[in-house]
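# Observations on chain architecture
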Amino acid sequence: MPVTDFATLALAPALLSTLQELNYQQMTPIQQQSLPAILAGKDVIAQAQTGSGKTAAFALGMLSALQVKRFRIQGLVLCPTRELAEQVAKELRTLGRSIHNIKVLTLCGGVPSKHQILSLEHGAHFIVGTPGRVLDHLQQQRLDLSELRMLVLDEADRMLDMGFLDEVARIAAAMPAKRQTLLFSATYPDKIEQLAASLMQQPVRVSVSSSQQESSITQQFYALDNSTREQAVMLVLQQLQPASCVVFCNTKRVTQQLADALQQQGFSAKALHGDLEQKDRDQTLLQFANKSARILVATDVAARGLDISELDLVINAELAHDTDTHTHRIGRTGRAGAKGLAVTLADNKDDYKLSLLQDTLSDAIQLQPLPPLSLLEQAPAKAEMVTLQIQGGKKQKLRPGDIVGALTRDQQIAFEDVGKIQLHDLWAYVAVKRSAAKKALQILNHDKMKGLNFRAWQL
Ligand code: AMP
């Protein structure tokens, strides 16, 4: 039996058959290195990125230790974002589907607490959540962690970046000291070491070399030569035609300038940085997520809140100041096992940064010439969808079904042409296919919903 076979581990037969059904044939490198220690009950620090199979590594640990008949919270996974928490909960449920009556509950910020409170009253075995909301429930005494046996910190570096250190420490203080703690992080700054020292006992450390981790992300490097950065970004976009792409810049000023330049040339681009008002940032993120904008030009800080899993391209318009930041940027593509592409533009001032980056890569960095200028003669692709804003929301008792219902009544608009809907208290956003936008606006402005007339316009 190869050492990468899951059957070499002390896993319950039911778990092994689930793995087989899911076609997880061999352990990934991070699973191979961490699972023996995890299953032996040790504290583990694992340096691993999204796409490495890290979720299954800790999920199998949690499921193996679970005593399903003891209906108490036995495991807690803390994640930086809701998107990640939901992915983790999904994987825990999938891998644990052979265990009867297993209950996994997500507790994330950004959604109302009401349902969470109800679910908590019914109890759970595992909680997956974001630190702020978990702490909130804990402080309101809705969450009892006194019988917890396993704590997992997922993407710990991102949690620290987002300022969750204090929350994590306070949550950990509410659980037994005698427990198993697992920490997963893509990068390994000093702060992680300090966090580990305060929460873990004699942790086993495992890491997978970057070349193994990045296998699902292809990196390409282009030399700027005599081209401007703006032109170079346009050439790459025209050549690769991504449906969803984030372009990273190092400063707010360059971010805004590049977004402006792209818009002027007809690209479906939006800027995201800290100088924009919260409302504008929210609308930008919404339009990017519902496919009304193809390109998001962002600073590293602003992109932290980005919860989008299907990015087919990341462009580094400017090379990041350090290797960790670069790793984070490119980790946004190629998620969840999908193939991703990261393109980095470099000029001759970047030699030193490139040499540092080279140390972390197995393949030699080769600077390619930019795609041909003739690509700029074609008009850039428009976004697939447009976003319509409706002046009415939860306060008017509007629900997504009312909006879809109005739009698709008498087949005026096909059901498939209606995209994501987001409801706020006083307004709503609906994405529709570009070709259906005019008709949709007519309907929303003239037909009644819930017996009321609303105003609607295109963002
Ligand atoms: P993660 O790094 O946890 O985000 O996982 C990346 C993807 O790989 C997920 O979609 C998992 O379902 C999948 N995966 C995890 N472990 C394995 C494995 N041993 N074999 C095949 N796929 C896996």
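Residues numbered from 1 in each chain as written. Predicted model: local features only at pLDDT ≥ 70, side-chain atom pairs only at ≥ 80, totals over all residues. Heavy atoms only, no water.

As annotated in an unreviewed UniProt entry, the protein chain is ATP-dependent RNA helicase DbpA from Alkalimonas cellulosilytica. You can read under Sequence similarities (unreviewed entry) in the UniProt record for the protein chain the words "Belongs to the DEAD box helicase family." (UniProt positions renumbered as here; feature names shortened; annotations may be inferred.)

### Focus: the sheet that holds strand β5 (residues 150–153)
Strand order in the open sheet formed by seven strands is β3-β4-β2-β5-β6-β1-β7, with parallel pairing between adjacent strands. Taken across any chain shown, the strands that pair with only one partner, and hence form the sheet edges, are β3 (104–107) and β7 (204–207). With strand direction ignored, the average angle separating the axes of adjacent strands in the sheet is 15°. Bridge count between strand β2 (residues 75–78) and β5: four bridges; the pairing is parallel. The partner of L78 across the bridge, within β5, is L153. (Pairing = 2+ DSSP bridges. Helix = DSSP H or I, 4+ residues; strand = E, 2+ residues; numbered from the N terminus. Axes fitted to C-alpha atoms, helices over the stretch in contact; angles between N-to-C directions.)

### Some details on the pattern of salt bridges
Where side chains of opposite charge bring their charged atoms close, a pairing between them can arise. With the rule as written, the count across this model stands at 16 salt bridges. The closest approach of N and O atoms between R229 and D347, which form a salt bridge, is 3.2 Å. Highlighted residues: R229 in helix α11 (residues 229–240) and D347 in the loop between β13 (340–346) and α16 (351–358), separated in sequence by 118 residues. Given a relative accessible area of 24%, R229 falls into the partly exposed group. Between K353 and D350 there is a salt bridge; the shortest N-O distance is 3.9 Å. (Salt bridge = Lys/Arg side-chain N within 4 Å of Asp/Glu carboxyl O. Buried < 20%, exposed > 50% of the residue type's maximum accessible area, 1.4 Å probe, protein only.)

### Things to note about the site of the ligand
The immediate surroundings of the ligand are formed by 15 residues, with Y24, Q31, G51, G53 and T55 found nearest. Within the side chain of Q31, one N or O atom sits 2.7 Å away from a nitrogen atom of the ligand. With respect to the ligand, the backbone of S52 contributes an N or O atom lying 2.9 Å from an oxygen atom. Residues belonging to the shell around the ligand are distributed by class as follows: three nonpolar, ten polar and two charged. (Near = heavy atom within 4 Å. Polar contact = N/O pair within 3.5 Å; in protein donor to acceptor, adjacent residues only side chain to side chain. Nonpolar A, V, L, I, M, F, W, Y, C, P; charged D, E, K, R; others polar.)

### Let's talk about helix α3 (residues 54–65)
End to end, α3 covers 17 Å across twelve residues, agreeing with the expected 16 Å (1.5 Å per residue, within 8%). Residues of α3 that are buried include every one of K54, T55, A56, A57, F58, A59, L60, G61, M62 and L63, and no others. (Expected span 1.5 Å × (residues − 1).)

### Comments concerning the pairing of strand β12 (residues 313–316)
A two-sided burial pattern is seen for β12, the buried positions comprising L313 and I315 on one face and V314 and N316 on the other. Sheet topology note: the strand β9 (residues 245–248)/β12 ladder contains four bridges and is parallel. Across the sheet, the residue bridging to C245 is L313, located in β12. Of the pairings in the sheet, the one linking β12 to β13 comprises four bridges and is parallel in character. Among the inter-strand pairings, I315 is bridged to a residue of β13, identified as V343.

### Some thoughts on the side chain of R133
For R133, the location among the structural elements is in helix α6 (residues 131–139). Although R133 is buried, it forms no salt bridge, and the closest oppositely charged side chain is D136 at an N-O distance of 4.4 Å. If we ignore the near neighbours within four places in the chain, the residues touching R133 are L107, C108, G109, G110, V111, P112, S113 and Q116. (Lys, Arg positive; Asp, Glu negative; His and termini not counted. Contact = heavy atoms within 4.5 Å.)

### A look at the environment of T4
With respect to the helices and strands, T4 occurs in the segment before α1 (13–21). Using a relative accessible area of 19% as the deciding quantity, one classes T4 as buried. Along the primary structure T4 and S17 are separated by 13 residues, whereas in three dimensions their C-alpha atoms are 16 Å apart.

### Comments concerning the sheet that holds strand β14 (residues 367–368)
Strand order across the open sheet formed by seven strands is β10-β11-β9-β12-β13-β8-β14, with parallel pairing between neighbours. The open sheet terminates on both sides in strands that have one partner only, identified here as β10 (269–272) and β14. Of the pairings in the sheet, the one linking strand β8 (residues 217–223) to β14 comprises two bridges and is parallel in character. Across the sheet, the residue bridging to F221 is L367, located in β14. Packing of α11 onto the sheet brings it into contact with β8, β9, β11 (295–298), β12 and β13, and relative to β13 it is tilted by some 155°.

### So, the state of the cysteines
Between two cysteines, a covalent bond joining their sulfur atoms is known as a disulfide. The final tally for this structure, using the stated rule, is zero disulfides. Note on C108: no disulfide assigned, nearest cysteine sulfur contributed by C79 at a separation of 7.2 Å. Owing to a relative accessible area of 3%, C108 belongs among the buried residues under this scheme. Counting only cysteine sulfurs, C245 is the nearest neighbor of C249, a cysteine outside any disulfide, at a range of 11 Å. (Disulfide = S-S within 2.5 Å.)

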